[in-house]
Amino acid sequence: MLLITCIFIFLITIPIAAIKRHYTWEVTYEYKSLDCYKKLAVAINGMTLGPTISAVQGDTIAVDVINNLLMENVAIHWHGIRQRGTPWSDGTGGVTQCAIMPGEKYTYTFEVDRVGTYMYHSHYGMQREGGLYGMINVSIPGVTEPFNYDADHGIILSDWYHHLAYDQSTALSSIPFQWIGEPQSLLINGKGNYNCSGLTPGICNSTNPQCSPSTLTDHEMTIIEADRQYVEPFVTKNLFIYSGETYSVLVIANQDPSKNYWTTINVVTIFNYLPNHFLQPPPTNPPIGPIWNDTNSQLNQSLTIKARKGFIITPPRKPDKIIVLPNAQNTINGYLRRSLNNVSHTLPTTPYLIALKQNMSDVFDPSPPPEDYNSTNFDIYTVENNTNAILSTSIYKLQFNSIVDIILQNANSMMRNVLGYGEGKFNLLRDVEKYNLVDPIMKNTVALHPYGWVTLRFQADNLGVWLFHCHIEAHFFLGMLVVFESNVEKVGDIPKINYGCGKNQSHGLAIVFINL
């Protein structure tokens, strides 16, 4: 999923009493025509895109999720929310909770302790691609910011496939392997426009009010924030956004207000200036947008982003542990998989958090996963045989409060403090000199460019078990993930609502709702 945020952050505040915000969501399948093409989509209370959660920093959010999908489970992850003291509400099925079975209810409760624009999305199967996602806005009334603007508008961007999540997951897990291909549409706030020519009106109707016109556009924008941290402003026409990244943009609207203007955010959208009618198209044709595989522009954008002076979060000077994770494509037992360090990870039927708290020794592989690889013989430009690739449920156990470097190496098959990006194969002796230890940005989602590397540094100061994975849904589905654990024994009592699957089925109490 792709996300643009607009201008929230953490500065001078007026004290506001924190409150508890309670929501009840019913998850169902419904026919939608989000890009004019009719298909089944996952909906929350009938809505795809799901409802936006608006809160103030310090609020407690409680969401009762009722799964009425009838034939599949659900788990909802609150992307970017730190879950300090509430790891069981992270919403990662198989890691922190048992997924919600059809007819059951699950309550997520957590504090939104940082200002920003976040997202929530399904963390079960391919449901995120099916429409189970939405936005979370966390603000502070009365905040004084270093930028002037007239309004802020949240924009959430997403891939949209016409095949159902069932079709996609079956294709990805079949022999022979079937790639799901590129999405048929890109949606902006849950709307897009597919070319319906040649299709019957019952399947595709370009006048359906659920969909909207969209086109590739061009307009200068000033980037001022990335993943909730102010950055040194820079102007761009071609903003590349990756699944899960968030940006704040300023658009200086000093043009003729009787016209619309095209803007490029590597997707499809129109800036419309009042008093123009919102359906009136721009008077000129859009220019050609950036090429999707324009690697140099993407890398330059990543290297350009620096933390804004006065808002720099200085990283630790050196790590206690370095974990190098090259990605690859492997065939294991006849199935095509994605892997890190030749390990394609699978999730156990009993969630890690519960297994560790209950001292269940046979739930996952106790042997530590590899922290490095044979860099001398590893060629990132050719397809390796990878005959030693394995499936595993192993996890990385991190010493609490230790400083960890994660070096992600991209190879031939795919596309915290972010200390640096680079091209080619990472060299520990040479490339550490390129690290930015002065004004790096803090991010929870980061681009890994083709045939390149990126280094992340973080402190393992959050008790619990945490999923670290590729945010391209198909890659995650195929095993491109790892799990970090730190001081689980210090985690408080896990609510019984998290139990009820795998080896702890008898601990859970199912709350069943029957529709009459």
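Only a predicted model underlies this, so the values are computations on that prediction, with no experimental measurement involved.

A closer look at the overall build of the chain
In step 1: When helices and strands are counted, the chain shows 5 helices and 27 strands.
In step 2: The buried share among the 516 residues of the chain stands at 54%.
In step 3: Surface summary for the chain: the accessible area is close to 22800 Å², and the carbon and sulfur share equals 54%.

Overview of the pattern of salt bridges
In step 1: Under the defined criterion, the tally for this structure stands at 10 salt bridges.
In step 2: For Glu473, the salt bridge goes to Arg128, with nearest N and O atoms at 3.2 Å. Accessibility assignment for this pair places Glu473 and Arg128 in one class, buried.
In step 3: Here Glu371 and Lys321 are joined by a salt bridge, their closest N and O atoms 2.9 Å apart. Here Glu371, found in the loop between α3 (352–357) and β20 (390–392), pairs with Lys321, found in strand β17 (residues 321–332); they are 50 residues apart in sequence, far enough to count as distant.
In step 4: The class for Glu371 is partly exposed, based on a relative accessible area of 31%.
In step 5: With relative accessibility at 24%, the residue Lys321 sits in the partly exposed group.
In step 6: Among the charged side chains, a network of salt bridges with common partners joins Arg430, Asp431 and Lys434.

Side note on the packing of aromatic side chains
In step 1: A complete count under the given rule lists 15 aromatic pairs for this structure.
In step 2: Joined through ring pairs, the aromatic side chains of Trp25, Trp78, Tyr106, Tyr108, Phe110 and Tyr120 make up one cluster.
In step 3: In this structure, Lys39 packs its charged tip against the face of Trp160, placed 4.4 Å from the ring centre.
In step 4: When the ring centre of Tyr499 is taken as origin, the NZ or CZ atom of Lys496, which lies over that ring, is 4.8 Å away.

Describing the pairing of strand β10 (residues 155–160)
In step 1: Of all the 6 residues making up β10, 5 are buried; the element is thus mostly covered by neighbouring parts of the structure.
In step 2: Where β10 lies against strand β11 (residues 185–188), 4 bridges are found, and the strand directions are antiparallel. What sits directly across from Ser158, in β11, is Leu187.

Description of the nonpolar core
Side chains of nonpolar character tend, in soluble globular proteins, to be buried together.
In step 1: In terms of nonpolar packing, the biggest core is built from 27 residues, with Ile323, Leu325, Leu398, Ile406, Leu408, Phe468 and Phe484 touching the most fellow members.
In step 2: Among the secondary structure elements, those contributing two or more residues to this core are β12 (221–226), β13 (229–236), β17, β22 (403–409), β23 (417–423), β25 (452–459) and β27 (481–486).
In step 3: Mapped onto the domain boundaries, this core takes at least three residues apiece from domain 2 (185–304) and domain 3 (321–499).
In step 4: For Phe468, the contacting residues outside a window of four places in its chain are Leu325, Ile406, Leu408, Leu456, Leu481, Val482 and Phe484.
In step 5: Trp25, Val63, Tyr106 and Tyr120 belong to the second largest nonpolar core, which has 25 residues in total.

A look at the state of the cysteines
In step 1: Within this structure, the stated rule accounts for 3 disulfides.
In step 2: Shown here is the disulfide that connects Cys36 with Cys211, its sulfur atoms set 2.1 Å apart. Torsion about the S-S bond of the Cys36 and Cys211 cystine: about 95 degrees, corresponding to right-handed handedness. Placement of the pair is Cys36 in the loop between β2 (20–32) and β3 (39–44) and Cys211 in the loop between β11 and β12, with a sequence separation of 175 residues.

Some remarks on the pairing of strand β8 (residues 116–122)
In step 1: Among the 7 residues of β8, 7 are classified as buried, and the element is accordingly described as predominantly covered.
In step 2: In the sheet, strand β6 (residues 76–79) pairs with β8 via 4 bridges, with the strands oriented antiparallel. Looking at β8, one finds that His77 is bridged to His121.
In step 3: Across 6 bridges, β8 lies against strand β9 (residues 133–139) in antiparallel orientation. Bridge assignment links His121 to a residue of β9, and that residue is Tyr133.

Describing the sheet that holds β6
The strands making up a sheet are joined through hydrogen bonds of the backbone, oriented either antiparallel or parallel.
In step 1: Across the sheet, 4 strands lie side by side as β4-β9-β8-β6; this open sheet has mixed pairing. Of all strands in the sheet, those with a lone pairing partner are β4 (53–56) and β6, marking the two edges. Ignoring strand direction, the axes of neighbouring strands in this sheet form an average angle of 20 degrees.
In step 2: Two elements, β4 and β9, share 4 bridges in a ladder whose sense is parallel. What sits directly across from Ala55, in β9, is Val138.

Some words on the sheet that holds strand β26 (residues 464–469)
In step 1: Strand order in the open sheet formed by 3 strands is β21-β27-β26, and the pairing between neighbours is mixed. Two strands bound the open sheet, and with one partner strand each, they are β21 (396–397) and β26.
In step 2: Taken together, the 6 bridges between β26 and β27 define a ladder with antiparallel strand orientation. In the strand pairing of β27, Leu467 is matched with Val483.

Focus on helix α2 (residues 295–304)
In step 1: The set of residues buried in α2 consists of Gln298, Leu299, Gln301 and Ser302. The buried residues of α2 occupy an angular sector of 155 degrees when the element is viewed end-on, so they sit on one face.

Observations regarding a nonpolar patch on the surface
In step 1: On the surface, a nonpolar cluster with roughly 380 Å² of combined accessible area is contributed by Leu70, Met71 and Tyr166.
In step 2: Position of Tyr166 relative to the elements: it lies in helix α1 (residues 165–172).

Examining the environment of Ser197
In step 1: Residue position: Ser197 is located in the loop between β11 and β12.
In step 2: Given the relative accessible area of 55%, Ser197 is considered exposed.
In step 3: A distance of 2.8 Å separates polar atoms of two side chains, one belonging to Ser197 and the other to Asn195.

Some points on α1
In step 1: What α1 keeps buried is the set Ala165, Gln168, Ser169, Ala171 and Leu172. One side of α1 carries all its buried residues, which in axial view fall inside an arc of 160 degrees.
In step 2: Residues of α1 that are buried in the fold lie against β2, β18 (335–340) and α5 (473–477).

Digging into the confidence of the model for the chain
In step 1: On average, residues of the chain carry a pLDDT of 82, and 80% of them reach 70 or more.
In step 2: Low confidence marks residues 214–218, where pLDDT is under 50. Its contacts with residues over four positions away, or in another chain, come to 23 contacts.
In step 3: Here residues 508–516 is modelled with pLDDT under 50, and outside its nearest four sequence neighbours on either side it reaches 12 contacts, counting other chains as well.

The rules behind these values
Numbering of residues starts from 1 in every chain and runs along the sequence as written. Local features in a predicted model are, by the rule used here, given only for residues with pLDDT of at least 70; side-chain atom pairs are given and counted only at 80 or more, and totals for whole chains, interfaces and linings are based on all residues. Excluded from the side-chain calculation are hydrogens and water; included are all heavy atoms of the structure. Helical segments are the DSSP runs of H or I of at least four residues, strand segments are the runs of E of at least two, and each set is numbered from the N terminus. Think of it in three bands: residues with accessible area under 20% of the maximum for their type are buried, residues over 50% are exposed, and the middle band is partly exposed, with areas taken using a 1.4 Å probe on protein chains only. Only the protein chains shown count as cover for residues, and all accessible areas are computed by the Shrake-Rupley method using a 1.4 Å probe. Every case where a carboxyl oxygen of Asp or Glu lies within 4 Å of a side-chain nitrogen of Lys or Arg is listed as a salt bridge. Two rings from Phe, Tyr or Trp (for Trp, the six-membered ring) form a pair when their centres are within 6.5 Å of each other. A pair whose planes differ by under 30 degrees is stacked, one over 60 is edge-to-face, and the rest are tilted. Note on criteria: charge over ring means Lys NZ or Arg CZ within 6 Å of the ring centre, with the direction from the centre no more than 35 degrees off the ring normal. At least two DSSP bridges between two strands are required for those strands to pair. We call a set of buried residues a nonpolar core when its members are Ala, Val, Leu, Ile, Met, Phe, Trp, Tyr or Cys and they connect through side-chain atoms within 4.5 Å of each other. Boundary definitions for the domains trace back to an automatic or database domain assignment. Contact between two residues is taken to exist if any of their heavy atoms lie within 4.5 Å; hydrogens are not considered. In this description, a disulfide is simply a cysteine sulfur pair whose atoms lie within 2.5 Å. For helices, the axis comes from a line fit to the C-alpha atoms of the stretch in contact; other axes are also lines fit to C-alpha atoms, and the angle between any two N-to-C directions lies between 0 and 180 degrees. Starting at the helix axis, one direction is taken to each C-beta atom, and the arc is that of these directions. The residues that make up patches have over 30% relative accessible area and no salt bridge, and they are joined within 9 Å when like-charged or within 5 Å when they are Val, Leu, Ile, Met, Phe, Trp or Tyr. Pairing of N or O atoms within 3.5 Å defines a polar contact, subject to two protein rules: one partner must be a possible hydrogen donor and the other a possible acceptor, and residues neighboring in sequence count only if both atoms are side-chain atoms. Per residue, pLDDT measures the predictor's confidence, with a range of 0 to 100.

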